Amino acid sequence: MLLKVLRRRSPIYFILIPIIALILWFNAFQNPVILAEYSLQMPLYKSLLCILNYNPLYLNIFGYLIILLISYSLIQLNEQFIFIKQRTDLPSALFIILASCAVLVNGMHPALISALFLLLSLNRIFKIYHGSQSVSSAFDVGVLIGLASLFYLPTSLFFVWFIWALVILGSLKLKELMGGLIGFITPIFFALCWFFWQGDLESFLDQTKMIFEHQEQLVSFSISHILYWVFLALLSLISIFFTIWGFEEKRVRSRKYLLILVALFVTSIASGILFPSAIIAQIFIAAVPLSYIFSYFFVMNRNTKISEILFGILVLGCLLLKLL
């Protein structure tokens, strides 16, 4: 019953989104903490910390607003490209649940900003398929990934996902590839010029190397979190299998879009493996494609009983984690 209500389109849902997010993020406002150490952050995120006076509460309020912006943007992207055949607000609710419950502590993290930039890059990648202004769209994708990297360094690996997306779209041509590469290098080049002008280039390069090599000691996970992640892993496999299994029934365009979303999810997992200390932060990024993949499964699965049961476990597990 709950799934049946949430997967519909309703103007009331736009009021419910911030309320649901506020409930799940209440502890982040009541007991704000810093999730990202200042000395091991990229320059744009450091600038944000300085603007917000390194205040945990202000940072978490900003993170809450980013969560809402991503949630509403998820709905808008499907409205524009319709890769989930049924118009639904479900991706926004699923993103809030995943981004709020799959992490140990809620709060602002640079990976949240990277998730927003990657979601914006999805819009530009999908436009490459239409063939009009494909080079400028590829350039925009590169710029967005480059900017995201200046907030959260592991995002730089997602340029590989961009190349993967071009292969899926059948647009892996020299001009699109060079356009994306030039776009990716542009914000990084300006950042390097700035640090060179300030005489801090060597210290910036040393700090970047430290971030790559940093192995943060992971905190011990509770049994409840481990069980919830196991459930999410199983649900992810089921949803991805369901998405790929039904390709014969999809339009070519929708098939390619969904494959790009699966590729984005796989890249986020690979990034978490390459950066073990950042694996929890990668959940914020993985939540973007996973919210669409889950939504496709819950909306298109004809066995509504199974969908209701799995969705109920997902929501109930989230509530129990927050209460415990």
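Not measured: the values here are computed from a predicted model.

K.L.:
Help me understand the overall build of the chain in this model?
P.N.:
What the chain contains, in helices and strands, is 15 helices and zero strands. Taken along the three principal axes of its C-alpha coordinates, the chain extends 65 × 50 × 35 Å. Going through the 324 residues of the chain one by one, you find that 52% of them count as buried. Long-range contacts, defined here as pairs at least 24 residues apart, represent 82% of the contacts in the chain between residues at least 6 apart. Accessible surface computed for the chain: about 15,400 Å², of which carbon and sulfur atoms make up 71%. Each charge sign in the chain was given a centre, from 20 positive and 13 negative side chains, and these centres are 17 Å apart.

K.L.:
Explanation requested: the environment of F311 in the structure shown.
P.N.:
Inspection of the secondary structure assignment puts F311 in helix 15 (residues 304–323). For the pair F311 and L3, spaced 308 residues apart in sequence, the C-alpha separation works out to 6.7 Å.

K.L.:
I'm lost on helix 8 (residues 134–151) in this one. Help?
P.N.:
Each α-helix winds once per 3.6 residues, and so residues spaced three or four apart point in a common direction. In this model helix 8 runs 26 Å from its N-terminal to its C-terminal C-alpha over 18 residues, within 8% of the 26 Å that 1.5 Å per residue would give. Taken as a whole, helix 8 has its buried residues at S134, S137, A138, V141, G142, L144, I145, G146, A148, S149, L150 and F151. Turning to helix 8, the residues buried within the fold contact helix 4 (43–51), helix 7 (110–128), helix 9 (159–169) and helix 10 (174–198).

K.L.:
What's the story with the layout of surface pockets in this structure? I'm lost.
P.N.:
Unoccupied space between atoms shows up once a probe the size of one water molecule is rolled over them. Empty space within the second largest pocket amounts to approximately 530 Å³. Around the second largest pocket, the lining comprises 20 residues; the ones closest to its centre are W229, F265, I269, I279 and I283. Listing elements by their share of the lining of the second largest pocket, those giving two or more residues are helix 12 (223–245), helix 13 (252–274) and helix 14 (282–300). Of the residues contributing to the lining of the second largest pocket, the split by class is 16 nonpolar, four polar and no charged.

K.L.:
How should I be thinking about the nonpolar core in this particular structure?
P.N.:
The nonpolar side chains of a soluble globular protein tend to be buried with one another. Residues I70, F83, L122 and F298 are the most contacted members of the largest nonpolar core, which totals 101 residues. With 14 residues, the single largest contributor to this core is helix 14. Excluding residues that lie within four positions of it along the chain, I70 makes contacts with F95, L112, A115, L116, L119 and V288. In terms of nonpolar packing, the next biggest core, distinct from the first, is built from seven residues, L150, A191, F195 and I211 among them.

K.L.:
What is the right way to read the side chain of S149 from this model?
P.N.:
Among the secondary structure elements, S149 is positioned in helix 8. Residue S149 is classed as buried on the basis of its relative accessible area of 3%. In terms of polar contacts, S149 uses its side chain to reach the backbone carbonyl oxygen of I145, at 2.8 Å. From its side chain, S149 meets the backbone nitrogen of S156 in a polar contact 3.1 Å long. With residues up to four places along the chain from it excluded, the contact list for S149 reads M42, T155, S156 and F184.

K.L.:
Any chance you could explain the packing of helix 4 against helix 8 here in plain terms?
P.N.:
Any two packed helices are characterised by the angle at which their axes cross and by the distance between the axes. In contact at an axis separation of 4 Å, helix 4 and helix 8 are set at 60° when each is read in the N-to-C sense. Taken as axis vectors, helix 4 and helix 8 run oblique relative to one another. Contacts between helix 4 and helix 8 involve P43, L44 and Y45 from the former and L147, L150 and F151 from the latter. Partitioned by chemical class, the residues of the contact of helix 4 with helix 8 number six nonpolar, no polar and no charged.

Scoring rules and cut-offs
Residues numbered from 1 in each chain as written. Predicted model: local features only at pLDDT ≥ 70, side-chain atom pairs only at ≥ 80, totals over all residues. Heavy atoms only, no water. Helix = DSSP H or I, 4+ residues; strand = E, 2+ residues; numbered from the N terminus. Buried < 20%, exposed > 50% of the residue type's maximum accessible area, 1.4 Å probe, protein only. Contact = heavy atoms within 4.5 Å. Areas by Shrake-Rupley, 256 points an atom, 1.4 Å probe, with all protein chains shown as cover. Lys, Arg positive; Asp, Glu negative; His and termini not counted. Charge placed at Lys NZ, Arg CZ, Asp CG, Glu CD. Expected span 1.5 Å × (residues − 1). 1 Å grid on protein atoms, 1.4 Å probe; cavity = no way out; pocket = protein on both sides within 12 Å on 5 of 7 lines; lining within 4 Å. Points joined across faces, edges and corners; volume = space filled by probe spheres on them. Nonpolar A, V, L, I, M, F, W, Y, C, P; charged D, E, K, R; others polar. Core = buried A, V, L, I, M, F, W, Y, C linked by side-chain atoms within 4.5 Å. Polar contact = N/O pair within 3.5 Å; in protein donor to acceptor, adjacent residues only side chain to side chain. Axes fitted to C-alpha atoms, helices over the stretch in contact; angles between N-to-C directions. Parallel < 35°, antiparallel > 145°, perpendicular 65-115°, else oblique.

Just distances and angles here, no functional claims.
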